[in-house]
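Below are the chains, spelled out letter by letter.
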Amino acid sequence: MADKVLEVEALRAGYGPAEILFGVSLKLARGEVAALMGRNGAGKSTTLKAIMGLLPPRAGQVRFAGQEISGMPAFRIARLGLGYVPEDRRIFTDLTVAENLEVGRRAARGHAAWTPERLFEIFPNLAAMRGRRAAAMSGGEQQMLAIARTLMGNPDAVLLDEPSEGLAPVILELMAEAVLSMKREGIAVLLSEQNFDFAAAVADRAYVIERGEIRYDGSMAALEADPALRAQHLTL
Amino acid sequence: MSVEFSFLLVQALSGLASASSLFIIASGLTLVFGVTRIVNFAHGSFYMLGAYMAVTIVPWLLQIERSPTLFFAGVLISAAVVGVLGVAMEILLLRRIYKVPELFQLLATFGVVLMVQDAVLHIWGPLDIAGPRAPGLRHGVMILDQRFPAYELFLIAAGPVVLGLLWLLMHKTRFGILLRAATRDREMVGALGVNQALLFTGTLFLGAFLAGLGGALQIPRVSASAQMDLAIITEAFVVTVIGGMGSIGGAFLAALLIGQLQAFGVLIFPKITLVLVFLLMALVLVVKPWGLLGRPEAAPPSAMPEGIASPGRFCVFEKLLVALALLVAAMLPLFGDAYAVKVATEVLIFGLAAFSLNFLVGNGGIVSFGHAAYFGLGAYASGLLVTKLGMPMEPALIVAPLASGFFAALFGFFIVRLQGIYLAMLTLAFAQIAYAVCFQWVEVTGGDNGIVGVWPAPWAASRIVYHYLVLVVAVLGIIALRHVIYAPFGASLRAARDSAARAEAIGIDVRAHRWLGFTIAGAAAGLAGGLYAFSKGSIDPTLLGIPLSVDFLAMILLGGMQSVVGPVLGAAAFHSIKDVFMPLTDHWRFLLGASIIALVLIFPRGLGGAYASLRARFTGGAP
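Remember, it's a predicted structure, so these values are computed and weren't measured experimentally.

Quick look at the overall build of chain A
So, step 1. Looking only at helices and strands, chain A has ten helices and ten strands in total.
So, step 2. Each principal axis of the C-alpha atoms in chain A carries an extent, and together these give about 45 × 35 × 35 Å.
So, step 3. Counting only residues that meet the buried cut, chain A has 54% of its 236 residues in that class.
So, step 4. Intrachain contacts of chain A at a sequence separation of at least 6 include 70% that bridge at least 24 residues.
So, step 5. Surface exposure of chain A reaches about 9400 Å², of which carbon and sulfur atoms provide 51%.
So, step 6. Taking the 27 positively charged and 29 negatively charged side chains of chain A as two groups, their mean positions are separated by 5 Å.

Structure, rendered in structure tokens:
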């Protein structure tokens, strides 16, 4: 299974007495972009948090690059090369753009390291703002910074939680372009998404999650071509 | 009074010197809070340890050569040793309590305070130790026509230098950038691959180092003594709260303000400098609830310990238990000796006080760190009326809750506007104001010595009769408070505790409810204090002090904050244990501190909680 960078099997997780995930299974191949789609509250963000170790999984397995990572603290998982961009961006608003990138910096494993300069090629907007405090950025700029910050850790795969949320259409295109550049760099991306068009534009593979279970698992193209299938799962 | 300019200048300079010292200490406290979200009571202990280390290490170094270099090398070594102790505290204790409610964190770090106090007495003895003066800085400098110590000038410079170095550290090093990031969002820093544990350990080193440095720098000015810790920690709290918790720049501003306020306040109101400082804090918090440069907490609700859920009724077994307890209390004078009666009387009094505190904490979600103030104010009201105005005991006992209720209403007006840790800090500040007044207003309160001769009326003079009087009054007080918990008002308080916004939305005036709740609890504590004054026959400032406030908190923690009657149980257990063990050992503080820590770590739901789990297992029902 060397081609799979991330394998999740029968993952269960929840908050307190509330069970959110009832055995989620999914796979992410190297260099592949997969979209995890579903309604509000279906368990998209919870899945990503549980993979990342931010929410302790109650059962199931998570393997990253062949290594079992469920139960590990988030920082160890990040060090193995799994990046995470949270839903609400969570950039450090007191820090400048350059300092935000510094927090994410980790030594590269093998391949060419991401540097602020390389990242500014993908996110040209950020280049002019290096010294600006992140609090003074727009939502779209913050989203780009959040992705750039995670890339500074030189990850092999990135969990991207609702990257399109609350973005203007122009920024949305930039964001889709950014995801495709990550793919070109060989980074696998698992993104959670409610915006079907955005997901369809970037993803090779699609998962649909509903009430904590995966209901569709197949190619994005097939889902895109079949309106009936889409209506069944994604009446958003 | 004609005041010369040179005099004012020197006064301002000495204010700047104190401000520098205060800033160095407070910067460590605010840094540790910013990153770990823990308000570290033991920061004052680190300061004290810094001073003790320095009076040990520096003279030894000066024997080699009396040079300024060796003096300051000794100061830095002392600070570094204290930094290492901070690391030990992080690894052994703090790491286990990052996720527990703030109240428990405060209690656990206070446990460390008690342990360090005993350790210091054990190692260095009870006598104050004077330190050497700094070689090269022993002379005076003439400023206009006034002599000003050179060392004070050095201190004035030290504060801004530390501020500058901290700024460089926080902005120009990776460690500092990570610290600032962690101050905003620890979890995210972890998700980016940073090992928080190391970051926190580093923070504690830095924080404790700064406290130790502050203490070590003091040795030419003040002797090292075992009372330094609590004195400085309240001042450091005030500085960090005024400046905004977590803000180093804010701490600097606040230290400057307080330094000048003290330097000039002492000229105008020599008796009440402490009061001025706390009034400044109250004023700032009312205008800027998060301090001068602080920002609102992201998530205050996590601060709350588990409180009273829906209060249940006693089952038959529990009714029997309560009846049995009352019977023991009533029959005790028949078979117990005078000492047992005295302890039982005190248990009843502390039971009422603890119950009133849990009415606030468990039922109202208002974590008061200064509940002893209202207990002590009640005691002082009764005691002063009886000794100074010759009032009989009975009306004096009626005035006690009224006086405490009045002050609780006055202080509470400000306190209930705040949330979480800021609220706890403000309760502490007001309690320290009350303490300072009782301590400093010697003519009326007798100062440190207090007042003796507070005896009950002749008919209640015998221990046994007084025991029955306390039994009746305390039990009635507890029943009345319990009734309030069960009444709609109590339910509204719980609603406001669980979600202030939702309670507001259904028409509950949250602030008014919390204010009234605070007043009621204060009045009940005052009644207990009045009873206590007559049982002891004397009053003194310790009745309003932080240690007693912590005792009350330990009682409700032991009894279980989620239980209605648990606090009474906790008071009985705590007071009896303290009474049995205190005479047996010289190290009761150490034991008490260790027990409080153990309680927080192992038993966070208290005895009442343990019982509730047992009961739930047997009956399947909610407690």
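The structure having been displayed, the exposition proceeds.
Focus on helix 1 (residues 5–36) of chain B
Residues and elements named next belong to chain B.
So, step 1. Over its 32 residues, helix 1 extends 45 Å from the first C-alpha to the last, a length consistent with the 46 Å expected when each residue adds 1.5 Å.
So, step 2. By the criterion of burial, helix 1 is predominantly enclosed, with 25 of the 32 residues buried.
So, step 3. Just downstream of helix 1 lies R37, where phi reads positive at about 65 degrees.

Some words on the pattern of salt bridges
Residue and element names in this part refer to chain A.
So, step 1. This structure, assessed with the given rule, holds 26 salt bridges over all chains.
So, step 2. With a closest N to O distance of 3.8 Å, D3 and K4 form a salt bridge.
So, step 3. Classification of K4 by relative accessible area gives buried; the value is 18%.
So, step 4. In this structure, R130 engages E117 in a salt bridge whose closest nitrogen and oxygen atoms are separated by 3.4 Å. Taken together, the residues R130 in the loop between helix 5 (124–127) and helix 6 (139–151) and E117 in helix 4 (residues 116–122) connect sequence positions 13 residues apart.
So, step 5. Residue R130 is classed as partly exposed on the basis of its relative accessible area of 34%.
So, step 6. By relative accessible area, which is 45% here, E117 ends up partly exposed.

A few points about the nonpolar core
So, step 1. Within the largest apolar cluster, 243 residues are counted, with the highest numbers of intra-cluster contacts made by A:L6, A:L190 and B:F375.
So, step 2. Contact partners of A:L190, with chain neighbours within four places excluded, come to A:L6, A:L26, A:L28, A:A34, A:L36, A:L48, A:I51, A:V158, A:L159 and A:L160.
So, step 3. If you look at the next biggest cluster of nonpolar residues, it comprises 47 residues, including A:F123, A:A134, A:A176 and A:L223.

Some remarks on a nonpolar patch on the surface
Residues and elements named next belong to chain B.
So, step 1. A contiguous nonpolar surface patch, about 980 Å² in accessible area, is contributed by F317, L321, L324, L327, V328, M331, L334, F335, I464 and Y468.
So, step 2. Of all the secondary structure elements, the ones that give two or more residues to the nonpolar patch are helix 12 (316–335) and helix 18 (463–486).
So, step 3. Looking at which element gives the most residues to the nonpolar patch, the answer is helix 12, with eight residues.
So, step 4. Mapped onto the elements of the fold, F317 is located in helix 12.
So, step 5. Looking at F317, the relative accessible area reads 47%, which means it is partly exposed.

Remarks on the interface of chain A and chain B
So, step 1. With 21 residues of chain A in contact, the opposing surface of chain B contributes 18 residues.
So, step 2. Summing both partners gives a buried area of about 1900 Å² for chain A against chain B, and 56% of it is carried by carbon and sulfur.
So, step 3. Among the residues chain A hides against chain B, the three largest losses belong to A:R90, A:F92 and A:V103. Together they make up 28% of the total.
So, step 4. Taken together, the links from chain A to chain B amount to five salt bridges.
So, step 5. A salt bridge links B:R180 to A:E99, with the shortest nitrogen-to-oxygen separation between them at 2.9 Å.
So, step 6. Counting across the interface, chain A meets chain B through eight residue pairs in polar contact (both at pLDDT 80 or more).

A closer look at the sheet that holds strand 7 (residues 157–161) of chain A
Residue and element names in this part refer to chain A.
So, step 1. In spatial order, the strands read 6-7-8-3-9-10; together these six strands make up an open sheet with mixed pairing. Across the chains shown, the open sheet's two edge strands, defined by having one partner strand only, are strand 6 (82–85) and strand 10 (213–219). Across the sheet, the mean angle from the axis of one strand to that of its neighbour is 15 degrees, orientation sign disregarded.
So, step 2. As paired elements, strand 6 and strand 7 share four bridges and run parallel to each other. Counted as the bridge partner of V85 is L160 from strand 7.
So, step 3. Where helix 6 meets the sheet, it contacts strand 6 and strand 7, and its direction lies at approximately 165 degrees from that of strand 6.
So, step 4. Contacting strand 3 (33–37), strand 7 and strand 8 (188–193), helix 7 (residues 169–184) crosses the sheet at an angle of about 155 degrees to strand 8.

Thoughts on the packing of helix 5 (residues 150–172) of chain B against helix 6 (residues 174–184) of chain B
All names here are of chain B.
So, step 1. Contact geometry for helix 5 and helix 6: axes closest at 5 Å, N-to-C directions at 85 degrees. Of the possible angle classes, the one that applies to helix 5 and helix 6 is roughly perpendicular. The residues of helix 6 that touch helix 5, namely those facing L169, M170, H171 and K172, are R174, F175, G176, I177, L179 and R180.
So, step 2. Residue composition of the contact of helix 5 with helix 6, grouped by class: five nonpolar, two polar and three charged.

A short note on the sheet that holds strand 5 (residues 67–68) of chain A
All names here are of chain A.
So, step 1. Spatially, the four strands line up as an open sheet ordered 2-1-4-5, and their pairing is antiparallel. Among the strands making up the open sheet, the edge pair consists of strand 2 (18–29) and strand 5.
So, step 2. Here five bridges tie strand 1 (residues 4–15) to strand 4 (residues 59–64), and the two strands are oriented antiparallel to one another. In the strand pairing of strand 4, V8 is matched with V62.
So, step 3. Contacts from helix 1 (residues 44–52) reach strand 1, strand 2 and strand 4 within the one sheet, and its direction differs from that of strand 1 by about 110 degrees.

With respect to the domain arrangement of chain B
Residue and element names in this part refer to chain B.
So, step 1. Here chain B is described as being made up of domain 1 (19–257) and domain 2 (336–619).
So, step 2. Inter-centroid distance (C-alpha atoms) of domain 1 to domain 2 is 33 Å.
So, step 3. Contact with domain 1, which involves 27 residues of that partner, is made by 28 residues of domain 2.
So, step 4. In this structure, the connection of domain 1 to domain 2 is made through one salt bridge.

Quick notes on the environment of B:W124
Residues and elements named next belong to chain B.
So, step 1. Within the element layout of this structure, W124 appears in helix 4 (residues 102–124).
So, step 2. Sequence separation of W124 and S225 is 101 residues, and the distance between their C-alpha atoms is 9.3 Å.
So, step 3. For W124, the residues in contact, after removing those within four places along its chain, are L49, Y52, M53, T56 and I129.
So, step 4. Of note is the side chain of W124, whose polar atom sits 2.9 Å from the side chain of T56.

Analysis parameters
Residues numbered from 1 in each chain as written. Chains lettered and ligands numbered in written order. Predicted model: local features only at pLDDT ≥ 70, side-chain atom pairs only at ≥ 80, totals over all residues. Heavy atoms only, no water. Helix = DSSP H or I, 4+ residues; strand = E, 2+ residues; numbered from the N terminus. Buried < 20%, exposed > 50% of the residue type's maximum accessible area, 1.4 Å probe, protein only. Contact = heavy atoms within 4.5 Å. Areas by Shrake-Rupley, 256 points an atom, 1.4 Å probe, with all protein chains shown as cover. Lys, Arg positive; Asp, Glu negative; His and termini not counted. Charge placed at Lys NZ, Arg CZ, Asp CG, Glu CD. Expected span 1.5 Å × (residues − 1). Salt bridge = Lys/Arg side-chain N within 4 Å of Asp/Glu carboxyl O. Core = buried A, V, L, I, M, F, W, Y, C linked by side-chain atoms within 4.5 Å. Patch = residues over 30% accessible without salt bridge, like charges linked within 9 Å, V, L, I, M, F, W, Y side chains within 5 Å. Buried area = accessible area lost by both parts, 1.4 Å probe. Polar contact = N/O pair within 3.5 Å; in protein donor to acceptor, adjacent residues only side chain to side chain. Pairing = 2+ DSSP bridges. Axes fitted to C-alpha atoms, helices over the stretch in contact; angles between N-to-C directions. Parallel < 35°, antiparallel > 145°, perpendicular 65-115°, else oblique. Nonpolar A, V, L, I, M, F, W, Y, C, P; charged D, E, K, R; others polar. Domains from an automatic or database assignment.

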